[in-house]
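# Coordinates in review
Listed here are the chains, written in short residue letters.
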Amino acid sequence: MTSSADQEVKQNLISTVGGEVTIPEPVKGPGFLLKERTVIATVTSDRIITKSNNRFLGRLSLNRVTGQYTIRSLQNNDSGFYTVDQEDTYKSESFKLSVYDAVLEPGVTVASVSSERCTLLCAVDQLSGGTLSWYQGEVLVNQSSTQRSLPLTVVRLGLRSSYRCVSANPAGNLTRSVDAKTSCTVQQRTGKKSSHTLPPLGLKLKDAAHVVELLVT
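Along each chain, residue indices are assigned from 1 in the same order as the chain's sequence is written. Only residues with pLDDT of at least 70 get local features here, since the model is predicted, and only at 80 or more are side-chain atom pairs given and counted; chain-wide, interface and lining totals rely on the full set of residues. Here the side-chain values reflect all heavy atoms present in the structure, with hydrogen atoms and water set aside.

Per an unreviewed UniProt entry, the protein chain goes by Ig-like domain-containing protein and derives from Gadus morhua.

Given below as structure tokens:
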């Protein structure tokens, strides 16, 4: 029996908390599934046996048609190395699984506005091991892997450009597009946040740094 620590990883697998993952290597006969160096399931000729004292009980299944294992209701601590051992052929294949929190959609508000410039604030409750980024069109203009809120200051000549804030990690991304001209104009006229923007999720501008000022000609 081989452990994943003893051989090269064939493929990196990525999923999210609460999701599921199917291990690509099929079981073509009696064999084992290991996490790190621990056997978590044994396949006999007619069934899969999951040890009653392991935390995969009720979450691990074997598709008898494809011969592939699927792990459901994933948790962060399911991340690690998995090995499929084929008992008859002595063949082993290892995979690395990384489980991330689901990406949260960012919210954008108008933090401040004047006759010359407008500051937009993009925020999420958590970064989920990823990044928060501001784009002007397709150009990346500001990014952070540590801050949960990220400001962007746009001068008046830049209000007609398109902006979007992207929250991302290796499992996916979510985007909030912003009409800066509409948002900043509404804010200046009424003194209230534009109705199509989202609340800043409890985060304040003082939590952020590195204001980026764009000048579009």
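That was the structure; now back to the text.
### A closer look at the sheet that holds strand 2 (residues 21-22)
At least two DSSP bridges between two strands are needed for those strands to be called paired. By the criteria applied, helices consist of DSSP H or I runs no shorter than four residues and strands consist of E runs no shorter than two, each listed in order from the N terminus. Strand order across the open sheet formed by 3 strands is 2-7-6, with antiparallel pairing between neighbours. Strands with a single pairing partner mark the edges of an open sheet, and in this sheet they are strand 2 and strand 6 (60-62). The pairing of strand 6 with strand 7 (residues 69-71) spans 3 bridges and is antiparallel. In the strand pairing of strand 7, Ser 61 is matched with Thr 70.

### Structural notes on the sheet that holds strand 5 (residues 48-50)
Spatial strand order, 1-9-8-3-4-5: 6 strands in an open sheet with mixed pairing. The open sheet has two edge strands, strand 1 (9-16) and strand 5, and neither has a second partner. In this sheet, neighbouring strand axes are inclined to one another by 25 degrees on average, regardless of whether the strands run parallel or antiparallel. Where strand 3 (residues 31-35) and strand 4 (residues 38-43) come together, 5 bridges link them in antiparallel fashion. Within the sheet, the bridge partner assigned to Leu 34 lies in strand 4 and is Val 39. Axis geometry follows a simple rule: fit a line to the C-alpha atoms, using only the stretch in contact for helices, then measure angles between N-to-C directions, giving values from 0 to 180 degrees.

### Considerations on the environment of Val 65
Within the element layout of this structure, Val 65 appears in the loop between strand 6 and strand 7. Residues Val 65 and Pro 26, 39 residues apart in the sequence, show an inter-C-alpha distance of 9.6 Å.

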